[in-house]
Structures are given as structure tokens and as C-alpha cells.
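# Coordinates in review
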Amino acid sequence: MADAALPLVPRPDHVPPERMVDFDFWNVPGSQEDIQLALRQFQQSAPDIFWSPHNCGHWTVMRSDDIDAMHHDYERFSYHCYSIPKKPESTPREIPLECDPPRHTALRKPLTAALLPAVVNKFEPRIRELAAGLIEGFVARGQCEFVGEFAQVMPICIFLDLVDLPREDREFLLPITEKVVRGRTAEMRLEGEHDLADYIGKVVRER
């Protein structure tokens, strides 16, 4: 849903009128039924690159070649903040996502080592056991609410295993991640990010 509290931004002088498109990232028509189809339909009629007056004003790039070029040009297209609308500077950074090289490269090294195939393959028995256990929880009913009972639970449990945190923490973390990803307003999403930073910060200090 759109951030109702955010007014439309007037078109800046450097933006050509033909490059301004009425596009609200958080309220794409048809997204409640099928977000992927809604975005695909919009993409087919939109310019390759355009500016939107919604969510504090921002540019949008629609084609993979342009996106790839931007990903490799961090000096002009920084990763420092990629959210819409832009987060306040006081908001904790999402590391390593919101970092440019060389810091991003340094922070990725331990992650790369921890996610090598030989390391990840050791988790296969636990992941199989987890999947079977979740299915056992609803198989007798002959049906389930797939997202809430399986698709949301399994990946966060795998993540908690990878970073050696109790699976029970998912009960606390799932509502937070829901606010971060699907919060109806920028305030809700920022609140979720602060809650997540508090949780992670405590773990980091203890270790």
C-alpha cells in the first residue's frame, strides 16, 4: 500500500516531462492479486528509464542491461541506500548490502567462506529433518496455509541454523521482517528495521 503521508514531489527542472511517470512502487495496480504479473504488465508499457513523483521522488530503471551496468558502476550509482523512499541517515545500514567496494568486498569475504558448497552441504540432513517436521505438523489435516505454515518458516529456520541462533527466535523475528518487507508506511518499515538492528546488535555484542 502507498504511504498516504508522503505528498507527490514536483518534477525537478532536470527531469524532462516525457520522463515523468505516475508510478507508485508500493501501490502497483493489480499487485494485491499478483505482484509479479502487475509489475510485468507495467514494465511492458513503461519507458526504459523514468522518474516518479511518488515516495519522495526517484528514478526507476526497467531493463536488465541498464540495471547490470548500474550494478557495476558503484562510483556513480552507490549502494549506500537502495530503499524507496530513501531512509534517514540515522537508520542502521543493511550490511553488506548498503556498502560500496572496497568495504563491501571485505565484508563479503567471511560470508562467502561460510556459504561455500562444502559448508552448506553439511546442513542438508538438518534441512531435510526441518522440512519433514513442518509437513508432519499439518499433513494429518490434509491441507495447510502454505505461506504461513511452511514457506515463511523454513527459510528463517535455515538462516537461524546457519548463524547458530535458536529456531524459536523466529516467533519474534517473523513479525519484524513482515514490517520491514510489507509495512504499509515508511514509518512501519523503519520501525521494523530498527527492531531488527536491536536484535542483531545484541547478538553481535554478546559474541
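Scroll up for the structure.
Residues numbered from 1 in each chain as written. Predicted model: local features only at pLDDT ≥ 70, side-chain atom pairs only at ≥ 80, totals over all residues. Heavy atoms only, no water.

## With respect to the pattern of salt bridges
- Scanning the model with the defined rule gives 14 salt bridges in all.
- We note a salt bridge from Glu171 to Arg170, for which the minimum N-O separation is 3.7 Å.
- Owing to a relative accessible area of 56%, Glu171 belongs among the exposed residues under this scheme.
- Note that Glu191 is salt-bridged to Lys179, the shortest N-O span being 3.0 Å. Separated by twelve residues along the polypeptide, Glu191 in helix α9 (residues 186-206) and Lys179 in helix α8 (residues 170-182) bring together distant segments of the chain.
- Within the structure, one salt-bridge network assembled from shared partners comprises Lys87, Arg93, Glu94, Glu98 and Glu193. (Salt bridge = Lys/Arg side-chain N within 4 Å of Asp/Glu carboxyl O. Buried < 20%, exposed > 50% of the residue type's maximum accessible area, 1.4 Å probe, protein only. Helix = DSSP H or I, 4+ residues; strand = E, 2+ residues; numbered from the N terminus.)

## Points about the packing of helix α5 (residues 124-136) against helix α7 (residues 153-162)
- Orientation of α5 relative to α7, taken along the N-to-C sense of each, is 145 degrees, at an axis distance of 11 Å. Considering only the axes of α5 and α7, their crossing is right-handed. Contacts between α5 and α7 involve Arg126, Ile127, Leu130, Ala131 and Leu134 from the first element and Val153, Met154, Cys157, Ile158 and Asp161 from the second.
- Split into classes, the residues belonging to the contact of α5 with α7 amount to eight nonpolar, no polar and two charged. (Axes fitted to C-alpha atoms, helices over the stretch in contact; angles between N-to-C directions. Left-handed = near helix turned anticlockwise from the far one by under 90°. Contact = heavy atoms within 4.5 Å. Nonpolar A, V, L, I, M, F, W, Y, C, P; charged D, E, K, R; others polar.)

## Quick word on α7
- Buried within α7 are the following residues: Val153, Met154, Ile156, Cys157, Leu160 and Asp161.
- At its buried positions, α7 is contacted by α5, α6 (146-151), α8 and α9.

## Some points on the packing of aromatic side chains
- Taken as a whole, this structure holds six aromatic pairs when the rule is applied.
- For the ring pair Phe25 and Trp26, a centre distance of 5.2 Å and an interplane angle of 85 degrees mean the geometry is edge-to-face.
- Residue class for Phe25 comes out partly exposed when judged on its relative accessible area of 38%.
- A centroid spacing of 6.0 Å and a plane angle of 40 degrees characterise the contact between Phe172 and Tyr199, whose relative ring orientation is tilted. Remark: Tyr199 occurs in helix α9 and Phe172 occurs in helix α8; sequence separation between them is 27 residues.
- In this structure an aromatic cluster arises from ring pairing among Phe23, Phe42 and Phe50.
- The ring of Trp26 has Arg189 lying over it, and the distance from NZ or CZ to the ring centre is 3.6 Å. (Phe/Tyr/Trp six-rings, centres within 6.5 Å; stacked < 30°, edge-to-face > 60°. Lys NZ or Arg CZ within 6 Å of the ring centre and 35° of its normal.)

By themselves, these observations are geometric and do not establish any function.
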